[in-house]
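Residues per chain, in single letters:
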Amino acid sequence: MSASVLKTTANRKSPEFEKNARRIVDLLTRIKNEEEQIRQGGGAKAIDSQHKKGRLTARERIAKLIDPGSQLFELAIYAAYEMYEEWGGAPCAGTVTGLAKVCGRTFMLIANDATVKAGAFFPMTAKKVIRAQNIAIDNHIPTIYLVDSAGVFLPLQEDVFPDTDDFGRVFRNNAVMSAMGIPQITAIMGMCVAGGAYLPVMCDHILMTEGSGLFLAGPALVQAAIGQKSSAEDLGGAKMHSQISGTVDFREPDDDACLARIRALVDKMGAPDASPFSHMKSRDPLPSADEIYGIFSSEPGKQYDMREILARIVDAGEFEEYRAEYGETLLCGYARVGGWAVGIVANQKKHVQTLARGSDQKRIEFGGVIYTESAEKAARFILDCNQNRIPLIFLHDVNGFMVGKDAEWSGIIRAGAKMVNAVANSVVPKITVICGGSFGAGNYAMCGKAYDPRFMFAWPTARFAVMSGDAAAGTLVEIKLKQLEREGKKVDEKQKKELFESVRSTYEHQTDPRYAAARLWVDAIIDPAHTRDALIWALEAAALNPNIPEFKTGVLQT
């Protein structure tokens, strides 16, 4: 069978290549250093305290649980980054989540980090656990919880307790997952108190280690409420729940034995249902993935060929491009990633010379901008992928939709609405990677967070907001100056420049991918050279859900 192989003309020795590579490597170095600091949780003293209790840390438990030689594909490590600093911070939101192989099978792992405020739930902790559960629900991923938590962080209880994306949703999700037949195993490996006690009891298997506690109210609260005195062990210890209440399925002497028991249970689980998506043996891309560093440019005015990026992601560099000569600022095509068949929608950052719609006049279309033709092409391609059960991958570097009289006359709003409709109603798995800019309605059309991608990843070079930093700063400063003029205040050029830089700095900080990752707007910041690995994890997880609803779009603006 013949296939179209993407050609590469990348020059590793060019000054532009070297400059691009240096910038991304610098960003990656900073992020990897920060991630290593985050992995320390509550710090050396808190880790030592956990060890003195005879308990492992969350990350040590995960390392012993997953298959030897394998790695945790961690999600949301930046959750709560630079947040709750008045309380000493909450690194990683006090919980570790991610995908991993246990006995050769993909699991979602959710582990409380007791070195961070005794594993208490901050507002972002609840949201992070819920996001992990939602990923598990969407993809039918079996889930393991390693519980070691003091419950809700009381000083912030009003932001943790009552809403639809707060603490109670965790237990609601436990019930929903159980009803869907998604396996859940819980190990209580420390404290599990108050409302949090419902989490393990709503799962399929409950394990508990000696010295742990499971109770709706601890000894002090029980004495205060009803005057009854009892020890933690008598009230809710592993022996009591194993022999008297009958709540616990397996009582284990320590963490090591508990983790070994989990693996033994997983080993006996039945096979998942067959995937509805096409899969064959994986083939490596032809060029080296680390060349992405030099090819990609995050400078707004710079051009690069997105096909060069795709050549380093897809199997054997094979890409069947759809309508290659039409709507060229969006690339659409079929490929395989890790053996999985996928449809790819990617912004093209090269400027394109074409003919104006309805005439023989030549015009230039700017890279990274969605024009009427490209929106129509993408909408039609997305329909095809849904018709043929092909998961979709979106690669963002988009400035937005084209504006101006010519664009409006060509029906840009109608074409954009058609594309947004197709994305919104798509029923096959959608996976989004933000490579560079993701601005305005371009974010929506390219399956931004609001459009339910199964996974959403960002490169360190990602930026997303209503508009770019310079454009936003210019607009906001102009509004501020007019306000000052109305108040009769004069502003000289120096003050204007200072105001512009102040506004731009604040805006740029908010478009940083770490700011987004802290708030769970993206699931992970990934190394561009590891994009293929992240996509394979996501595709393997998505393939666990065999159910594809009927595809309907409603009214399309034709």
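Let me begin by describing the structure that accompanies this report. (Residues numbered from 1 in each chain as written. Predicted model: local features only at pLDDT ≥ 70, side-chain atom pairs only at ≥ 80, totals over all residues. Heavy atoms only, no water.)

**A word on the packing of helix H13 (residues 372-387) against helix H15 (residues 412-425)**
Closest axis-to-axis distance for the H13/H15 pair is 8 Å, and the angle between their directions is 25°. When the interaxial angle is binned, H13 and H15 end up roughly parallel. For the element pair H13 and H15, the recorded crossing hand is left-handed. Within the contact between the two elements, H13 uses Thr-372, Ala-375, Glu-376, Ala-378, Ala-379, Ile-382 and Leu-383 and H15 uses Ile-412, Ala-415, Gly-416, Lys-418, Met-419, Ala-422 and Val-423. (Axes fitted to C-alpha atoms, helices over the stretch in contact; angles between N-to-C directions. Helix = DSSP H or I, 4+ residues; strand = E, 2+ residues; numbered from the N terminus. Parallel < 35°, antiparallel > 145°, perpendicular 65-115°, else oblique. Left-handed = near helix turned anticlockwise from the far one by under 90°. Contact = heavy atoms within 4.5 Å.)

**A closer look at H15**
Between its first and last C-alpha atoms H15 spans 20 Å; for 14 residues at 1.5 Å apiece the expected length is 20 Å, and the two agree. Along H15, the positions that sit buried rather than exposed are Ile-412, Ala-415, Gly-416, Lys-418, Met-419, Asn-421, Ala-422 and Val-423. (Expected span 1.5 Å × (residues − 1). Buried < 20%, exposed > 50% of the residue type's maximum accessible area, 1.4 Å probe, protein only.)

**Comments concerning empty space enclosed by the protein**
Within this structure, the stated rule accounts for three cavities of 30 Å³ or more. Roughly 130 Å³ of internal volume is contained in the largest cavity. Along its surface, the largest cavity is lined by 15 residues, and Asn-112, Phe-121, Val-147, Ser-149 and Leu-199 are the ones closest to its centre. Of all the secondary-structure elements, those providing two or more residues to the lining of the largest cavity are strand S3 (105-112), strand S4 (143-149), helix H5 (167-179) and strand S5 (184-193). In terms of residue count, the dominant contributor to the lining of the largest cavity is S4 (four residues). Tallied by class, the residues present in the lining of the largest cavity amount to 11 nonpolar, four polar and no charged. Of the pockets and cavities examined, the second largest cavity occupies roughly 50 Å³. (1 Å grid on protein atoms, 1.4 Å probe; cavity = no way out; pocket = protein on both sides within 12 Å on 5 of 7 lines; lining within 4 Å. Points joined across faces, edges and corners; volume = space filled by probe spheres on them. Nonpolar A, V, L, I, M, F, W, Y, C, P; charged D, E, K, R; others polar.)

**Considerations on the packing of helix H4 (residues 123-139) against H5**
At their nearest, the axes of H4 and H5 sit 9 Å apart, and the two run at 20° to each other. Classified by the angle their axes make, H4 and H5 are roughly parallel. Relative to H5, the crossing made by H4 is left-handed. Touching Ala-126, Val-129, Ile-130, Gln-133, Asn-134, Ala-136 and Ile-137 of H4 are Phe-167, Arg-169, Val-170, Asn-173, Asn-174, Val-176 and Met-177, all from H5.

**Some words on the packing of aromatic side chains**
The final tally for this structure, using the stated rule, is 15 aromatic pairs. Ring centres of Tyr-515 and Trp-521 lie 5.9 Å apart, and the angle between their planes is 65°; on these two criteria the pair is classed as edge-to-face. One aromatic cluster is present, formed by Phe-73, Phe-455, Phe-457 and Trp-537 through successive ring pairs. If you follow Lys-405 out to its NZ or CZ, it ends over the ring of Trp-409, 5.2 Å from the centre. (Phe/Tyr/Trp six-rings, centres within 6.5 Å; stacked < 30°, edge-to-face > 60°. Lys NZ or Arg CZ within 6 Å of the ring centre and 35° of its normal.)

**A closer look at the layout of surface pockets**
Gaps left between atoms are located by rolling a probe of water-molecule size over the structure's atoms. Volume-wise, the largest pocket comes out at about 660 Å³. Taken together, 24 residues form the lining of the largest pocket, with Glu-35, Arg-39, Leu-72, Phe-73 and Glu-74 sitting closest to its centre. Here the lining of the largest pocket gets four residues from one element, more than from any other, and that element is helix H1 (residues 15-38). Grouping the amino acids of the lining of the largest pocket by side-chain chemistry returns 14 nonpolar, three polar and seven charged.

**Observations concerning unusual backbone geometry**
Of note in the backbone geometry, Tyr-84 takes a positive phi value of approximately 55° without being a glycine. Structurally, Tyr-84 is set in the loop between strand S1 (73-75) and strand S2 (95-102).

**Details of the nonpolar core**
Within the largest apolar cluster, 77 residues are counted, with the highest numbers of intra-cluster contacts made by Met-108, Ile-309, Val-337, Ile-344, Leu-395, Phe-455 and Phe-457. In this view, Leu-395 contacts Met-306, Leu-310, Ile-344, Val-345, Ala-346, Asn-347, Val-433, Cys-435 and Met-446; residues no more than four positions away in its chain are not counted. One finds Ile-77, Tyr-78, Ala-120 and Ala-516 within the second-largest nonpolar core, a separate group that totals 30 residues. (Core = buried A, V, L, I, M, F, W, Y, C linked by side-chain atoms within 4.5 Å.)

**Details of the pattern of salt bridges**
Here the structure, examined in full by the defined rule, presents 33 salt bridges. Close ionic contact of Glu-74 with Arg-39 constitutes a salt bridge, the shortest N to O distance being 4.0 Å. Of this pair, Glu-74 sits in strand S1 while Arg-39 sits in the loop between H1 and helix H2 (44-52); the two residues are 35 residues apart in sequence, bridging distant segments of the chain. Classification of Arg-39 as partly exposed rests on a relative accessible area of 30%. (Salt bridge = Lys/Arg side-chain N within 4 Å of Asp/Glu carboxyl O.)

**Thoughts on the pairing of strand S10 (residues 330-337)**
Burial runs high along S10: seven of the eight residues are buried. Pairing of strand S9 (residues 320-321) with S10 involves two bridges; the strand directions are antiparallel. Its bridge partner being in S10, Glu-320 is matched across the sheet by Tyr-334. Note: S10 against strand S11 (residues 340-347), eight bridges, orientation antiparallel. Following the sheet pairing, Arg-336 is matched in S11 by Ala-341. Adjacent in sequence and paired antiparallel, S10 and S11 are bridged by two residues, among which Gly-338 carries a positive phi angle near 65°. (Pairing = 2+ DSSP bridges.)

**Some points on the environment of Ala-136**
Among the secondary structure elements, Ala-136 is positioned in helix H4. Judged by relative accessible area, Ala-136 falls into the buried class, the value being 0%. C-alpha separation for the pair Ala-136 and Met-108, spaced 28 residues apart in sequence, amounts to 6.6 Å.

**Quick notes on the side chain of His-140**
As for its placement among the helices and strands, His-140 is situated in the loop between H4 and S4. With relative accessibility at 17%, the residue His-140 sits in the buried group. Beyond its immediate stretch of four places on either side in the chain, His-140 contacts Met-180, Ile-182, Leu-544, Asn-545, Pro-546 and Asn-547.

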